[in-house]
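Each chain, letter by letter, is given below.
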Amino acid sequence: QVQLVESGGGLVQPGGSLRLSCAAFGSPLAIYDMGWYRQAPGKQRELVAKITGGGSTDYGEFVKGRFIISRDNAKNTVALQMNILKPEDTAVYYCNAGAQRGAVYVIEAWGQGTQVTASS
């Protein structure tokens, strides 16, 4: 069973950048679609970005070209490059791994989350 570990969060000034990384253990990353989600206090978890096993990407509307998701199957990692960070991007960021299992799409793992804070 795959296990995910995020890293790269921290405190950054508005307008700055951070690069999050999610490392997979126990299974090859290549067989999974990967996603980044975030959850701010008092709000629901929302999609930030996702990338399929074939490399197709999708982003939350609020990203507006500021973030880029990428994957390196050889290193078993997926990254989220975040630029022009805003205070409203402050949240805990989680990665997940999903796959089609027969007729059902299953999210097989979530990471523990990494805190991102954009504040002056």
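This is a predicted model, so every value here is computed, not measured. (Residues numbered from 1 in each chain as written. Predicted model: local features only at pLDDT ≥ 70, side-chain atom pairs only at ≥ 80, totals over all residues. Heavy atoms only, no water.)

Observations concerning the overall build of the chain
Link 1 in the chain: Helix and strand counts for the chain come out as zero helices and eleven strands.
Link 2 in the chain: Seen in sequence order, the chain has helices and strands lined up from the N terminus as β-β-β-β-β-β-β-β-β-β-β.
Link 3 in the chain: For 120 residues, the compact-globule formula gives about 14 Å, and the C-alpha radius of gyration of the chain, at 14 Å, lands near that figure.
Link 4 in the chain: In terms of its C-alpha atoms, the chain occupies a principal-axis envelope of roughly 45 × 30 × 25 Å.
Link 5 in the chain: By the burial criterion, 41% of the 120 residues in the chain qualify as buried.
Link 6 in the chain: When contacts within the chain are restricted to residue pairs at least 6 apart in sequence, those whose partners lie at least 24 apart make up 54%. (Helix = DSSP H or I, 4+ residues; strand = E, 2+ residues; numbered from the N terminus. Rg over C-alpha atoms; globule rule 2.2 N^0.38 Å. Buried < 20%, exposed > 50% of the residue type's maximum accessible area, 1.4 Å probe, protein only. Contact = heavy atoms within 4.5 Å.)

A look at the packing of aromatic side chains
Link 1 in the chain: Evaluated as defined, the whole model comprises two aromatic pairs.
Link 2 in the chain: Judged by centre distance (5.3 Å) and plane angle (65°), the ring pair of Tyr37 and Trp110 falls under edge-to-face. Pair noted here: Tyr37 is in strand E4 (residues 33–39) and Trp110 is in strand E10 (residues 104–110), with a separation of 73 residues, a long-range link.
Link 3 in the chain: Of the residues examined, Tyr37 reaches a relative accessible area of 22% and is grouped as partly exposed.
Link 4 in the chain: Residue Trp110 is classed as partly exposed on the basis of its relative accessible area, which comes to 37%.
Link 5 in the chain: Above the face of the Phe62 ring, Arg38 is positioned so that its terminal group lies 3.8 Å from the ring centre. (Phe/Tyr/Trp six-rings, centres within 6.5 Å; stacked < 30°, edge-to-face > 60°. Lys NZ or Arg CZ within 6 Å of the ring centre and 35° of its normal.)

Considerations on the environment of Tyr93
Link 1 in the chain: Among the structural elements, Tyr93 can be located in strand E9 (residues 91–101).
Link 2 in the chain: For Tyr93, a relative accessible area of 0% gives the class buried.
Link 3 in the chain: With 21 residues separating them in the primary sequence, Tyr93 and Thr114 have C-alpha atoms 5.3 Å apart.
Link 4 in the chain: Not counting residues within four places of it along the chain, the set of residues in contact with Tyr93 comprises Glu6, Leu20, Trp36, Tyr37, Arg38, Val48, Leu80, Met82, Gly113, Thr114 and Val116.
Link 5 in the chain: At a separation of 3.0 Å, a polar atom in the side chain of Tyr93 contacts the side chain of Arg38.
Link 6 in the chain: Engagement of the side chain of Tyr93 in a polar contact is seen with the backbone oxygen of Asp89, the distance being 2.7 Å. (Polar contact = N/O pair within 3.5 Å; in protein donor to acceptor, adjacent residues only side chain to side chain.)

A few points about the pattern of salt bridges
Link 1 in the chain: Evaluation of the coordinates by the stated rule reveals four salt bridges.
Link 2 in the chain: As a salt-bridge pair, Asp89 and Arg38 come within 2.8 Å of each other at their nearest N and O atoms. With Asp89 in the loop between strand E8 (77–82) and E9 and Arg38 in strand E4, this pair connects stretches of sequence that are 51 residues apart.
Link 3 in the chain: Given a relative accessible area of 6%, Arg38 falls into the buried group.
Link 4 in the chain: A salt bridge links Arg66 to Asp89; its shortest N-O distance comes to 2.7 Å. Residue Arg66 is located in the loop between strand E6 (57–59) and strand E7 (67–72), and its partner Asp89 is located in the loop between E8 and E9; the two are separated by 23 residues in the primary sequence. (Salt bridge = Lys/Arg side-chain N within 4 Å of Asp/Glu carboxyl O.)

Keep in mind that these numbers describe shape and distance, not what the molecule does.
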